[in-house]
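# Observations on the model geometry
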Amino acid sequence: MIAINGESISILLFFVGVYGLIARRNTIKSIMSISIMQVAIILYFITANIAPGSVPPIGDVAQSLQVADPLPQALMITDIVIGIGVTAAGLTMFIHLYHRFGSTNWQKIMKKRNHHD
Amino acid sequence: MINLHWLILLPIIFGTVVKLIPLKTAKKLIVLFQAALLLSSAMIFIEVRKNGTILENIGGWPDTIGITLRADLLASAMVLLTCLLFLAMITFVQNKHYADHLFFFLFLSLESLIVGIFLSNDLFNIFVLIEAATLIITILIMYKKANVAIYDGMMYFLINVVAMSFFLMGLGMLYKKIGVLDFYALETALSQVKDPQSLILPYAFMITAVSLKAALMPLFSWLPKAHGTPSAPSVVSAILSGLYVKIGIYLFIRLQTAFLPLIDTSELFVILGFITAIVGFVLAFAQNDLKLLLAYSTVSQIGLIMIGINMGTPHAYWGGLYHIMNHAVFKSTLFLTAGMIITEYQTRNMNEIKGVFRHMPTVGVATVLSILGIVGAPLFNGSISKYLISYGSTGTWIEYGLIFINLGTIIVFVKYSQLLFGDSNKKETAHSDILEKAVVLCLSILCFLGGILGSALITLLFKVNFPVDLLSDGIKLLLFLASLLIGILIYYGLFKKKNYFAVFNSIELGFNEICLSITLFFAFMVVYLKITL
């Protein structure tokens, strides 16, 4: 029996994103799938290795309390920024792609691209 | 000697500041700056060569906590190569119309990021740098804003982001098990792990991403599109194909070394490299587009390098590393000359380009020298590394496989060299830019020097000594001449009239299919590791 915790859910979410990448032809849905994968990774990082009852490592924490590992959280702040950047860049490129090829379907865009060549 | 982090920061800072200076002066300043950077990277290399690895903890944190930069011999040699190639590229674009402030900013930032990836010792740091580099490369691919390039750029961007998501997921799992993200600490920590089964998932995730970056067999379909995009500036193609794809190989070497005590997949990757090499040259031969042919040939050479570094013998390993350097030199020369030929003839179709030798003599000479390098002609750099790889694999089936791969490379470049001969229907010689000619000529002479001074260079770069006889090895020479003859015969006998491989051109993977192949590769790695461990 697989426990329902952050780790298993994040792996599930990750592969939901992968499924979206494989099965959806829509460019926007591909970008959304990448975002889903990113969220899954963030969830994985901050829930892995966490002890129940630990407090976040913010400000002065009393010595007696157990503090969560600060490193994954610091890393994930960076990753959130990267994720937003990637999504924004992807969507901007999509606007250009749509203007040039007039379609949101990968298959159709590919055909038109080869026609251009 | 400057600190390591300046090597990473200076190009970005300079690229930003230069925006304040008028373009004409700025271009010259950038060349000077790049020369200074090359000099300082050479000084760092000498320092590493003399006194061993340099380790720098940024921010003064103790080891394994903060970000560390680490310059060992391999890393500093790669940095030296990076600075050299960028100097050549920046000299090359001096008189190009697309070289404006923004281009130089992006180009210099790319240099910083590449140097950063080579020097970085922290896995998460590498992830961040690669993501940033992906974005910059995408913009550079799309730089001329042609329709085709926008599709290719977006494809490149999304595929690489997906791959890096796999990498980050693997990194998370690795951190959960081991608790460190530092390469050096990783090696120590992994040697303590008793049960290799628990590392299957993180390893499979990370190696999938790295294999995609290195463009191994099922995962290379993004590379020709990105490297051979018709409208991308030729310097960008040259850097991508000559240098950037080596980052995948570099990371692969680092990961394999870290995981070696637990997970040994070198046999699998020898086979994958072999398949990659063969598929690469078959597809290269099928192309009629100048740049696409070169891009597929890169795939083939990557396969060769993978065979070398996974063979497990010192000769093959160092031969593979030397081939990384060599391939960087001759492939970037070939891309630059291809760019010049395309600008002159206004077409990318190989059948329409004739008589480059007579029409553009300097470009012709540079092309011939680098072709001799890539096919491994005696006295040229390719022959040294290919000889070392085949020496290291003596007694296995790979030894004969390598002869076959080299034969394939020869056939591809016999086809490529067709554009050198014949009559161009143009009266006088072309007026190419003098700087461009100088750069391609210098780089192609490097191919020759890398062959003549082969063993000395290997000793200088990697501190290992392999005596390589240049001509006394008669078998090597005979083998090359025989393959050359057979290659020419096969080309003129079979393929001159009809390109039988052209059917492969119709097979093209879309975005969804590439994602599927990434997932399948990942699944295959998991199953393979489950069975073998």
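Residues numbered from 1 in each chain as written. Chains lettered and ligands numbered in written order. Predicted model: local features only at pLDDT ≥ 70, side-chain atom pairs only at ≥ 80, totals over all residues. Heavy atoms only, no water.

## A short note on the overall build of chain B
Within chain B one finds 21 helices and two strands. Taking 533 residues into account, the globule formula puts the C-alpha radius of gyration at 24 Å, and chain B, at 22 Å, falls close to it. In terms of overall dimensions, chain B has a C-alpha envelope of 70 × 60 × 50 Å along the principal axes. Scored against the burial criterion, the 533 residues of chain B give a buried share of 64%. When the accessible surface of chain B is totalled, it reaches about 18,800 Å², and 69% of it is carbon and sulfur. Positive and negative side-chain charges of chain B, numbering 33 and 26 respectively, have mean locations separated by a distance of 7 Å. (Helix = DSSP H or I, 4+ residues; strand = E, 2+ residues; numbered from the N terminus. Rg over C-alpha atoms; globule rule 2.2 N^0.38 Å. Buried < 20%, exposed > 50% of the residue type's maximum accessible area, 1.4 Å probe, protein only. Areas by Shrake-Rupley, 256 points an atom, 1.4 Å probe, with all protein chains shown as cover. Lys, Arg positive; Asp, Glu negative; His and termini not counted. Charge placed at Lys NZ, Arg CZ, Asp CG, Glu CD.)

## Considering the layout of surface pockets
Its boundaries defined by the atoms lining it, the largest pocket holds a volume of some 890 Å³. Lining the largest pocket are 32 residues, with B:Gln287, B:Tyr296, B:Asn505, B:Ile507 and B:Glu508 positioned closest to its centre. If you list the elements that add at least two residues to the lining of the largest pocket, you get α4 (106-116) of chain A together with α6 (147-178), α9 (222-227), α11 (266-286) and α12 (290-310) of chain B. By residue class, the composition of the lining of the largest pocket is 17 nonpolar, eight polar and seven charged. (1 Å grid on protein atoms, 1.4 Å probe; cavity = no way out; pocket = protein on both sides within 12 Å on 5 of 7 lines; lining within 4 Å. Points joined across faces, edges and corners; volume = space filled by probe spheres on them. Nonpolar A, V, L, I, M, F, W, Y, C, P; charged D, E, K, R; others polar.)

## Observations concerning a nonpolar patch on the surface
Residue and element names in this part refer to chain B. Together, Leu84, Ile445, Leu446, Phe448, Leu449, Ile452 and Leu453 give the surface a local cluster of nonpolar side chains, amounting to about 510 Å² of exposed area. For the nonpolar patch, the element with the highest residue contribution is helix α18 (residues 434-452), accounting for five residues. In this fold, Ile445 is placed in helix α18. Residue Ile445 is classed as partly exposed on the basis of its relative accessible area of 40%. (Patch = residues over 30% accessible without salt bridge, like charges linked within 9 Å, V, L, I, M, F, W, Y side chains within 5 Å. Salt bridge = Lys/Arg side-chain N within 4 Å of Asp/Glu carboxyl O.)

## Some thoughts on the domain arrangement of chain B
All names here are of chain B. Domain boundaries assigned for chain B yield domain 1 (1-119) and domain 2 (122-257 + 265-532). Computed over C-alpha atoms only, the centres of domain 1 and domain 2 are separated by 23 Å. With 39 residues of domain 1 at the interface, the matching set in domain 2 holds 47 residues. At the boundary of domain 1 with domain 2, total buried surface from both sides reaches about 4,200 Å², with 78% on carbon and sulfur atoms. Counting the surface domain 1 buries against domain 2, the share from its top three residues, Leu74, Phe92 and Ile117, is 18%. Across the domain 1-domain 2 interface, the total number found is two salt bridges. Of the charged contacts in the structure, one is a salt bridge between Asp72 and Arg254, with a shortest N-O distance of 3.0 Å. (Domains from an automatic or database assignment. Contact = heavy atoms within 4.5 Å. Buried area = accessible area lost by both parts, 1.4 Å probe.)

## Some points on the pattern of salt bridges
Residues and elements named next belong to chain B. A full pass over the atoms with the stated rule returns six salt bridges over all chains. Residues Glu436 and Lys96 are paired through a salt bridge, measuring 3.3 Å at the closest nitrogen-oxygen approach. You can see Glu436 sitting in helix α18 and its partner Lys96 sitting in the loop between α3 (73-92) and α4 (101-119), a full 340 residues away along the chain. According to the relative accessible area criterion, Glu436 is buried, its value standing at 8%.

## Re helix α7 (residues 183-192) of chain B
Residue and element names in this part refer to chain B. Looking only at α7, the buried set comprises Phe183, Ala185, Leu186 and Leu190. Down the axis of α7, the buried set is contained in an arc of 145 degrees. They therefore lie on one face. At its buried positions, α7 is contacted by α5 (123-141), α6 and α10 (234-259). (Arc of directions from axis to C-beta.)

## Some remarks on empty space enclosed by the protein
All names here are of chain A. For the coordinates displayed, the defined rule picks out four cavities of 30 Å³ or more. Computed from the structure, the largest cavity encloses a volume of approximately 50 Å³. What lines the largest cavity is simply Phe45, Ile46, Ala48, Asn49, Ile50, Ala68, Asp69, Pro72 and Gln73. Sorting the residues of the lining of the largest cavity by element identifies α2 (27-47) and α3 (70-101) as the ones contributing at least two each. Its residues assigned to classes, the lining of the largest cavity shows six nonpolar, two polar and one charged.

## A few points about α12(B)
All names here are of chain B. The end-to-end C-alpha distance of α12, which contains 21 residues, comes to 31 Å, matching closely the 30 Å that a straight helix rising 1.5 Å per residue would cover. A large share of α12 lies buried, amounting to 21 of its 21 residues. Where α12 starts, the residue carrying a side-chain oxygen 3.0 Å from the main-chain nitrogen of Lys291 turns out to be Asp289. Positioned one or two residues after α12, Gly312 has a phi angle of 95 degrees, which is positive. (Expected span 1.5 Å × (residues − 1). Polar contact = N/O pair within 3.5 Å; in protein donor to acceptor, adjacent residues only side chain to side chain.)

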